[in-house]
Structures are given as C-alpha cells and as structure tokens.
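# Structural features, examined
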Amino acid sequence: MNTLSFLSITLLVYAGLIIWLFKQLKFKQIWQGPTSHNTGAIKSPLTLFVKRTLDFFLILFLLISLAIPVIAVVMAISQSDVPTWGIDIGIFSGFKLNLAEMSGVEAMGVRNQEFSGKGLVSIDTSNLYAWYLFVVISQISALVALYVTNQLRNMVFSLLSNTPFNNENPQRIKKIGIVIIIWNIINPLVQYFGWGSVVNDITFNNTGIQLYPAFEVNVIAVLIGLMLLLLSGLLKEAKILKEDQELTI
Amino acid sequence: MDSETEMQIKINLDLLLVMKKMSLTELSEKVGVTMANLSVLKNGKAKAIRFSTLIAICKALECQPGDVLGLEAIDE
C-alpha cells in the first residue's frame, strides 16, 4: 500500500469520525445554565457544576481525539526516510538497579544495594513502531474518555429534564462499566506486550541496570466498573418501582 | 372461568359517571385527582389505586367500592 492510498483511507475514516461525533454530541447545550424548560433539578448548583465540568471535558477530549490523527499524518508526511527529529514519548516500564554491580556507586544507610520500581522512560519517535503504538493508544484512550463523558452528560440531561428513571440510564451505566472493565484489562496487556518489545530493545553498558516490561492492572478501576454494573441493575429496579409509583392513582 | 384465564380489574367509571350525570372534570375536582391521572384510571392503565383515592371516588359518586371495581377476563 502506497502513502497516498493510506492517507486517503485515513482521511475518509477521520471525516466519518467527525460527522458521527457532531451527530452524537449535544453541542447546543454546552455551558447552558437554567432555562425555562429545565426547572427542578437544574436549580441544584451541584447538578449544574457537574454538567459544566462534563461540558469542559467533552470539549477537551473532542479536541484531543480530533488533533491526534492530524498530528500523526503531518508527522508521517514531514518525516524523511532517515528520521531526523521526533518528540519524546513516555512509556511505562519496570526497572531494577543493582548498585553492587556498578563501579563507583554506593548507597549509604540501606541494607540492600538493590532498587526496583516502575516509571516512565522517555524514548524518541525515531522508533517508528513505538510512535505508531503511541498514536493508536492515545487515540483509543481519547475516544474512550469522550464516549464515557458523553454518556455521563446524557445522564445529566435526563436528570435536568426530570426523567432520570428512564430506559436508557441503566443501559448507559452498564455501557460505561463494560468500557471501563474492558479498557483496564486490555491496557495492561498493551503495556506489557506492546511497550515490552520497545523496552527490551533498550540496552545498557552496565549489567547493574535492567529494564523490563511493566504489568500493572488497575484493580480499583476494574472494581469501579463492576460497581457500575451493579448500579445499572439497581437503577433498572428503581425504574420499575418508579413506574409502579406513577401508575398508582 | 377456569383458573388459567388471565384476569384484570376493570374500573367502571364511565358507567357510574353516566348514572350520576357527572362529568370527568367535575369528578376530578371533587376527588382531587388530576384529569391526566383520572384518565389513566379510566383507561385501565393504572397498576394500583390508593384506598384514599377509592374512598374519595366512592364519596363523590355515592357508591360502594364494588360498584367502581370489577373483575374481567383479558380478551386476547
């Protein structure tokens, strides 16, 4: 596949994404305060605060997810065969320092001359594999964030129109929960296998320093995802109760 | 009428209103229930009726609960 066909496919996908986004998101109501239609819940300052915070994050994530493909394409075009420049990307990696194997380095006041942990390692984009992986992961993260923000925003709108116990809200909470769980299972695997091969390529002239692929599952996030699934079930029950209550004369 | 037949409660408001020569609006004012809720009740969409509402309806229409409520089979 040559560069031109690759670029045109990318642009088509990008255009489709933009059209889809503008259809999905309720842009007209951004930063809107109390109106004559929205009485009741909108008078609560907290709801309004949540709505405006979500508005802000919606715009932020939208800009980021629209900017990433542009940056990727611009960099791909401007890059010559021999990469001359790049931006640093931070990758997550585990490290181990064995001071005993390094000459002239010694730690005082510790029992063990070994240090280990996890942290960010900066590499430059002349490693094309790392660069593409970085672009793809960033794009997916931004889209996931945008999706979750949009779902939350839709739920706030249902609260503002005094119909929080509708059919969609349990589905929305369930979708958010599933997305959070899936992303927090896929992400550690991407970290481990994707960045792992990049980390393994980094070598040192001293055997005292070691880098290894980091594997870390965000247990709290997975638990929050499970909690959301539970909450979705509760809200479904609440909807039935609300219906019963409304149809009791 | 066997036990397999699905049954439902019928609200005989139409009949009672005609017999007492009362309009739905008038009943709504006397009972203190909105017109919207009263039509929900009349059209058989209601899931339950409060004792207080039933008492108010019986008082307004000068009848017994048995006159307002009836049991009928659901026709498929």
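These numbers were taken from a predicted model, which means no experiment stands behind them. (Residues numbered from 1 in each chain as written. Chains lettered and ligands numbered in written order. Predicted model: local features only at pLDDT ≥ 70, side-chain atom pairs only at ≥ 80, totals over all residues. Heavy atoms only, no water.)

A count of helices and strands for chain B gives five helices and two strands. Along the first, second and third principal axes, the C-alpha set of chain B runs to 40 × 20 × 20 Å. For chain B, buried positions account for 26% of its 76 residues. Counted over contacts in chain B with a minimum sequence separation of 6, partners at least 24 positions apart contribute 63%. When the accessible area of chain B is evaluated, it comes to approximately 5,300 Å², of which 54% is carbon and sulfur surface. Measuring between centres, the 9 positive side-chain charges of chain B sit 11 Å from its 11 negative side-chain charges. (Helix = DSSP H or I, 4+ residues; strand = E, 2+ residues; numbered from the N terminus. Buried < 20%, exposed > 50% of the residue type's maximum accessible area, 1.4 Å probe, protein only. Contact = heavy atoms within 4.5 Å. Areas by Shrake-Rupley, 256 points an atom, 1.4 Å probe, with all protein chains shown as cover. Lys, Arg positive; Asp, Glu negative; His and termini not counted. Charge placed at Lys NZ, Arg CZ, Asp CG, Glu CD.)

Once that is clear, we can look at the interface of chain A and chain B. Size of an interface, as often reported, equals the accessible area lost when the parts are brought together. Taken together, the contacts link five residues of chain A with eleven residues of chain B. Summed over both sides, the interface between chain A and chain B buries roughly 750 Å², with carbon and sulfur atoms accounting for 57% of that surface. It is A:Leu247, A:Thr248 and A:Ile249 that lose the most area in chain A upon contact with chain B, and together they represent 82% of the buried surface on that side. Our enumeration of links across chain A and chain B arrives at two salt bridges. Between A:Asp244 and B:Lys47 there is a salt bridge; the shortest N-O distance is 3.1 Å. Summed over the shared surface of chain A and chain B, the number is six residue pairs in polar contact (both at pLDDT 80 or more). (Buried area = accessible area lost by both parts, 1.4 Å probe. Salt bridge = Lys/Arg side-chain N within 4 Å of Asp/Glu carboxyl O. Polar contact = N/O pair within 3.5 Å; in protein donor to acceptor, adjacent residues only side chain to side chain.)

Of all residues in chain A, 90% have pLDDT values of 70 or greater, and the mean over the chain is 83. Across chain A, helix α5 (residues 219–246) of chain A holds the top mean pLDDT of 94, while helix α1 (residues 3–24) of chain A sits lowest at 79. (pLDDT = per-residue confidence, 0-100.)

Bringing the packing of helix α2 (residues 24–31) of chain B against helix α4 (residues 51–61) of chain B into the picture now. All names here are of chain B. In the contact formed by α2 and α4, the axes pass within 9 Å of each other and the chain directions differ by 125 degrees. Here α2 is positioned oblique relative to α4, judged by the angle of their axes. Judged by the twist between their axes, the crossing of α2 over α4 is right-handed. Of the residues in α4, those touching α2 at Leu27, Lys30 and Val31 are Thr53, Ala56, Ile57, Ala60 and Leu61. Class assignment of the residues belonging to the contact of α2 with α4 gives a composition of six nonpolar, one polar and one charged. (Axes fitted to C-alpha atoms, helices over the stretch in contact; angles between N-to-C directions. Parallel < 35°, antiparallel > 145°, perpendicular 65-115°, else oblique. Left-handed = near helix turned anticlockwise from the far one by under 90°. Nonpolar A, V, L, I, M, F, W, Y, C, P; charged D, E, K, R; others polar.)

This part covers the pattern of salt bridges. Pairing between side chains of opposite charge can happen when their charged atoms approach one another. Overall, the coordinates contain eight salt bridges over all chains when judged by the stated rule. Close ionic contact of A:Glu243 with B:Lys47 constitutes a salt bridge, the shortest N to O distance being 3.9 Å. Here the residue A:Glu243 occupies a position in helix α5, and B:Lys47 occupies one in the loop between α3 (35–42) and α4, the pair thus bridging two chains.

Let us now look at helix α3 (residues 128–160) of chain A. Within an α-helix, residues lying three or four positions from one another point in the same direction, as the helix has 3.6 residues per turn. An ideal rise of 1.5 Å per residue puts 48 Å on 33 residues; α3(A) measures up with 47 Å between its terminal C-alpha atoms. Where α3(A) ends, the next residue or the one after it, A:Asn162, has phi of about 60 degrees, a positive value. (Expected span 1.5 Å × (residues − 1).)

Another aspect to go through is the nonpolar core. If you look at the biggest cluster of nonpolar residues, it comprises 19 residues, and the most contacted ones within it are B:Leu13, B:Leu27, B:Leu41, B:Ile57, B:Leu61 and B:Val68. At the level of secondary structure, the elements contributing two or more residues to this core comprise α1 (13–19), α2, α3 and α4 of chain B. At five residues, α4(B) tops the list of elements feeding residues into this core. When near neighbours in sequence (up to four residues on either side) are disregarded, B:Leu41 contacts A:Ile249, B:Ile11, B:Leu13, B:Ala46, B:Ile49 and B:Ile57. Within the second largest apolar cluster, eleven residues are counted, among which are A:Ile89, A:Ile91, A:Ile137 and A:Trp195. (Core = buried A, V, L, I, M, F, W, Y, C linked by side-chain atoms within 4.5 Å.)

Bringing the packing of aromatic side chains into the picture now. Two numbers describe a pair of aromatic rings. These are the distance of the centres and the angle of the planes. Residues and elements named next belong to chain A. Summed over all chains, the structure comprises four aromatic pairs over all chains. With centroids separated by 5.4 Å and ring planes inclined at 70 degrees, the aromatic side chains of Phe56 and Phe57 adopt a geometry described as edge-to-face. Accessibility expressed as a relative area gives 33% for Phe57, which makes it partly exposed. Judged by centre distance (5.7 Å) and plane angle (90 degrees), the ring pair of Tyr192 and Phe215 falls under edge-to-face. Here Tyr192 is found in helix α4 (residues 168–201), whereas its partner Phe215 is found in the loop between β3 (209–213) and α5, with 23 residues between them in sequence. For Tyr192, a relative accessible area of 33% translates into the label partly exposed. (Phe/Tyr/Trp six-rings, centres within 6.5 Å; stacked < 30°, edge-to-face > 60°.)

Residues and elements named next belong to chain A. Taking 1.5 Å of rise per residue, 28 residues should cover 40 Å, and α5 covers 40 Å from first to last C-alpha, within 8% of that figure. Looking at α5, one finds that the buried residues are Ala221, Val222, Gly225, Leu228, Ser232, Leu235 and Lys239. Where the residues of α5 are buried, they touch α4.

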